[in-house]
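If you want the building blocks of each chain, they are given just below.
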Amino acid sequence: MSNKCKSWVWLYAKRHGDKAYCDLCTENENNEFCCIGGTTGSLGRHLKTIHSIKPPTTVTRRVVSGHEFVNSGILTSSTTTASSSESQSLEIDAPIPRKRRRTFINREDKICNSEKTEQIHQALAKMIAVNQMPISFCSSEGFKQFMAVVEPNYKICKEGAIKSRMKVLRSSVTEIIQKKLRDSKSIACTSDCWSSLSQHSYITVTTHIIDDQWCPKSYTLTTHAMEESHTAVNLAHQLEDTFDKWEIGGKIMTVVTDNARNAINAVQLLTNISETYDVTCAAHSIQLAVNNGLGQDGITTLIQLSSKMVGHFKHSNVAKHALTKMQEQLGLTQQSLIQSCKTRWNSVYMMLDRLYANRCAVTNVLADRNTTNVSIAKKLEITESDWTKMETLIILLKPLQIVTTVFCAETHSPVSMVRPLLSKVIEKHFQLNKDDNEVVINFKQTVVSQLKERFKLNNLENIVSTRQVSSFFDPRYKELEHEEIDVRENIRSKVKNLLVEMNTPDNREETNVCVQKNKGALEFLYGEEVRDINDASTQYHYYLAEPQLRYDFDPFEWWKSHKKKYPLIAELAKKYLSIPATSVSSERCFSTAGNVVTSKRNCLAPENVNMLVFLYQNRQLLL
């Protein structure tokens, strides 16, 4: 038998297997205690709280049947019957009870100290900027309740404090953009104007560069209020002030704007701008050409009737629900009709395309007298010939819609794509066919004439434009197959002159660098250094001899792998390929501003609008 001292609790409990049971409790009570490899602490606490039995202050060491118990001298009837020969009592001082070890808890972790509070402030400011939320969100009841759960000890920040931290964010983003612009040798810009719900007029300026890794980058510089009238002089003054503020006045390659006469004249008034000819927004120019083509009597009537039909389903809940049910019955995709808008590009095409796709559902709803009365059905009736005309228009407008989408893509679409793609659209989709009716012939001729005039495809002025030079530096179009033969020679002569201007002594020193600083085995045997092709004429002819890149390849990846082989041409290519095909990047700022200056926030100060739009448009630098 073991002589190990056992706890006093076993005077009031017994063990069965791996479980302990209290003798003072009835069988119906929950008196099981786990003692697998553990201590008797839980059983002792049970005796204290339930039966008010306290551990002894003095202990008596008692040996019963070879087992040694520790007792306070209060024995049960079973223990008092033990013979005196089998027991031995010894009164000793009570030992100091062993305290249970507890894991150390750092109370500072439970306190929202100043450092953690500042981190929450900064994260909140960043969230407001990235999610286009009002600054007053920081003091809203919903946010207070949210933080009461996440961090109860967090002290809610006031609007002024959040605004100051957002200004710090703007300063940090500004420094990053300034560094990027300082490292760039050439910068292209886009600009546009916009009026808010509160009738504040704003001007936006966006920059476009290509970094050392040949990755196109765009940064929004400003969306500030413009109180003056939008004359060419005032617009030019606003642009120059922005360039001076960002210290990029001498690096601006060109400024892409829409076709408004005041904007075009403002670019012409700018000093130190190298390219000012034929750099308007390509998407806007296409839309103007399309609008002229849609101005025919037969087409205009069809568009107006289609717009009225779409408006009927937009304003009548009964007709709208009936259309949804009819689409479900016919197995069509449940989608609402699209209304055209004069200020939205391709909206006429999208309206006609969606309406024609739901032709059966629309006609069935209009024919149902439980949904549409006779008078409305007659007003909205479209004849079979009109449906045929609509189908033809959709086919004609689709290539123009696709090319506009390509020019307005989120990724950088260089101006080098404009003339090749438009020439391909005219060649493949707008050639006259013998089975074309009068409406189709007039539409094709009008659109082609407008495209050639607005994009100077006829080259009547015999001036080499920015778009033409840019196409030469694009390895997908460098053969200039979309241009006339004599025009190709003019473009190549212009490029040669640019290379001569680029081939200055400073540039020659930069490009006259050995490819390998440490001599390799073959270089050692030949005894000659391996050098780049640093002669401008040699680079030009070698570049012409390169196979033309396929149209769906990435020109920036090609230049990234060939920039060391053609350093002078690569420098010019970086300048011209950085010019965007459209001014959509600036117009997207106004979509952002529209989400900031809403009907409930139309009194927002212009400087706050500028800050919020700036942070959101450059949010990639915050994340």
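To be clear, the structure that these remarks concern was listed above.
Criteria and cut-off values
- Residues numbered from 1 in each chain as written.
- Predicted model: local features only at pLDDT ≥ 70, side-chain atom pairs only at ≥ 80, totals over all residues.
- Heavy atoms only, no water.
- Helix = DSSP H or I, 4+ residues; strand = E, 2+ residues; numbered from the N terminus.
- Buried < 20%, exposed > 50% of the residue type's maximum accessible area, 1.4 Å probe, protein only.
- Contact = heavy atoms within 4.5 Å.
- Areas by Shrake-Rupley, 256 points an atom, 1.4 Å probe, with all protein chains shown as cover.
- Salt bridge = Lys/Arg side-chain N within 4 Å of Asp/Glu carboxyl O.
- 1 Å grid on protein atoms, 1.4 Å probe; cavity = no way out; pocket = protein on both sides within 12 Å on 5 of 7 lines; lining within 4 Å.
- Points joined across faces, edges and corners; volume = space filled by probe spheres on them.
- Nonpolar A, V, L, I, M, F, W, Y, C, P; charged D, E, K, R; others polar.
- Patch = residues over 30% accessible without salt bridge, like charges linked within 9 Å, V, L, I, M, F, W, Y side chains within 5 Å.
- Phe/Tyr/Trp six-rings, centres within 6.5 Å; stacked < 30°, edge-to-face > 60°.
- Pairing = 2+ DSSP bridges.
- Axes fitted to C-alpha atoms, helices over the stretch in contact; angles between N-to-C directions.
- Disulfide = S-S within 2.5 Å.
- Parallel < 35°, antiparallel > 145°, perpendicular 65-115°, else oblique.
- Left-handed = near helix turned anticlockwise from the far one by under 90°.
- Expected span 1.5 Å × (residues − 1).
- Arc of directions from axis to C-beta.
- Polar contact = N/O pair within 3.5 Å; in protein donor to acceptor, adjacent residues only side chain to side chain.

> Which parts of the structure should I look at to understand the overall build of the chain?
Each helix and strand in the chain was counted, giving 25 helices and 10 strands. The proportion of buried residues among the 623 residues of the chain is 43%. A sequence separation of at least 24 residues applies to 67% of the contacts in the chain between residues at least 6 apart. Entry remark: accessible area of the chain is about 35,200 Å², with carbon and sulfur atoms responsible for 50%.

> Would you take a moment to explain the pattern of salt bridges for this structure?
Any two side chains of opposite charge can pair, given that their charged atoms come close. On inspection of all chains with the given rule, the structure shows 15 salt bridges. When the shortest N-O distance is used, the salt bridge between Glu-151 and Lys-116 registers 2.9 Å. Taken together, the residues Glu-151 in the loop between α4 (141-150) and α5 (159-183) and Lys-116 in helix α3 (residues 114-130) connect sequence positions 35 residues apart. Under the relative-accessibility criterion, Lys-116 is labelled partly exposed at 33%. When the shortest N-O distance is used, the salt bridge between Lys-565 and Glu-546 registers 3.1 Å.

> I would appreciate a short explanation of empty space enclosed by the protein in the present structure.
Take a probe with the size of a water molecule and roll it over the atoms, and the empty space left behind shows itself. Taken as a whole, this structure holds 3 cavities of 30 Å³ or more when the rule is applied. Broken down by secondary-structure element, the contributors of at least two residues to the lining of the largest cavity are α8 (282-293), α11 (347-357) and α14 (384-407). Residue classes in the lining of the largest cavity are distributed as 6 nonpolar, 4 polar and no charged. Considering only enclosed or pocket space, the second largest cavity measures out at about 50 Å³ in volume. As for the second largest cavity, its lining consists of Tyr-277, Asp-278, Arg-419, Phe-455, Lys-456, Asn-459, Leu-460, Glu-461, Asn-462, Ile-463, Ser-465 and Gln-468. Its residues assigned to classes, the lining of the second largest cavity shows 4 nonpolar, 4 polar and 4 charged.

> Explain a nonpolar patch on the surface to me, please; I cannot follow it from the model alone.
A surface patch of nonpolar side chains, amounting to about 570 Å² of accessible area, comprises Leu-522, Phe-524, Leu-525 and Tyr-526. Assignment of secondary structure puts Tyr-526 in helix α20 (residues 521-526).

> Teacher, can you tell me more about the packing of aromatic side chains here?
Any two aromatic rings considered together are summarised by their centre-to-centre distance and by the angle between their planes. Scanning the entire structure with this criterion turns up 16 aromatic pairs. Both rings, one in Trp-194 and one in Tyr-202, keep their centres 5.7 Å apart while their planes meet at 35 degrees; by these two values the pair is tilted. Across the pair, Tyr-202 and Trp-194 agree in class, each one buried. On the numbers, 6.1 Å between centres and 55 degrees between planes, the contact of Tyr-356 with Trp-387 is tilted. Of the two residues, Tyr-356 is situated in helix α11 and Trp-387 in helix α14; the sequence distance between them amounts to 31 residues. Using a relative accessible area of 24% as the deciding quantity, one classes Tyr-356 as partly exposed. Owing to a relative accessible area of 3%, Trp-387 belongs among the buried residues under this scheme.

> Help me out: how do you make sense of the sheet that holds strand β8 (residues 201-210) in this one?
What holds strands together in a sheet is hydrogen bonding between their backbones, with the strands either parallel or antiparallel. The strand order across the open sheet formed by 4 strands is β9-β8-β7-β10, and the pairing between neighbours is mixed. Each end of this open sheet is capped by a strand with a single partner; those strands are β9 (216-225) and β10 (252-256). Within this sheet the neighbouring strands show an average axis-to-axis angle of 20 degrees, counted without direction. Relative to β10, strand β7 (residues 187-195) runs parallel, the two being bridged by 4 bridges. Looking across to β10, one finds that Thr-190 is bridged to Val-256.

> Sorry if this is basic, but what is going on with the pairing of β8 here?
If a strand is regular, its side chains alternate between the two faces of the sheet. Judged by how many residues are buried, β8 sits mostly within the fold: 10 of 10 residues are covered. Residues Ser-201, Ile-203, Val-205, Thr-207 and Ile-209 point to one face of β8 and Tyr-202, Thr-204, Thr-206, His-208 and Ile-210 to the other, with burial holding for every one of them. By the bridge criterion, 8 bridges tie β7 to β8 in an arrangement that is antiparallel. When the sheet's bridge partners are listed, Ser-191 is paired in β8 with Val-205. The turn joining β7 and β8, which pair antiparallel and follow one another in sequence, is formed by 5 residues; a positive phi near 65 degrees is taken by Gln-199.

> Would you mind showing me how to read the environment of Leu-270 here?
Checked against the element boundaries, Leu-270 lands in the loop between α7 (261-269) and α8. Distance from Leu-270 to Glu-240, taken between C-alpha atoms, is 7.3 Å for residues 30 residues apart in sequence. Apart from the residues lying within four places of it in its own chain, the contact partners of Leu-270 are Ala-236, Leu-239, Glu-240, Phe-243 and Val-255.

> Could you clarify how one ought to interpret the state of the cysteines in this entry?
Here, disulfide denotes a covalent bond that connects the sulfur atoms of two cysteines. Across all of its chains, the model carries 0 disulfides by this definition. In this structure Cys-138 is not part of a disulfide, and its nearest cysteine sulfur, from Cys-157, lies 5.8 Å away.

> How should I be thinking about the packing of α8 against α14 in this particular structure?
Axis separation between α8 and α14 bottoms out at 9 Å; the angle between their running directions is 165 degrees. Comparing the axis directions of α8 and α14 gives the class roughly antiparallel. Crossing of α8 against α14: the hand is left-handed. Along the contact surface, α8 presents Ala-282, Ala-283, Ile-286 and Val-290, while α14 presents Leu-397, Leu-400, Val-403, Thr-404 and Phe-407. Here the residues of the contact of α8 with α14 sort into 8 nonpolar, 1 polar and no charged.

> Would you take a moment to explain helix α16 (residues 438-454) for this structure?
Along an α-helix, residues three or four apart share an orientation, since each turn contains 3.6 residues. Look at α16: 24 Å from first C-alpha to last across 17 residues, which is about the 24 Å you get at 1.5 Å a residue. Those residues of α16 that sit buried are Val-440, Phe-443, Lys-444, Val-447, Val-448, Gln-450 and Leu-451. Down the axis, α16 shows its buried residues gathered within 165 degrees of arc, on one side only. Of the exposed residues in α16, those oriented more than 90 degrees away from the buried face are Glu-438 and Glu-453. With a side-chain oxygen lying 3.2 Å from the backbone nitrogen of Val-439, the N-terminal cap of α16 falls on Asn-437. Note on α16: the residue one or two positions beyond its end, Lys-456, has a positive phi of about 55 degrees.

In short, shape yes, function no, at least from these values alone.
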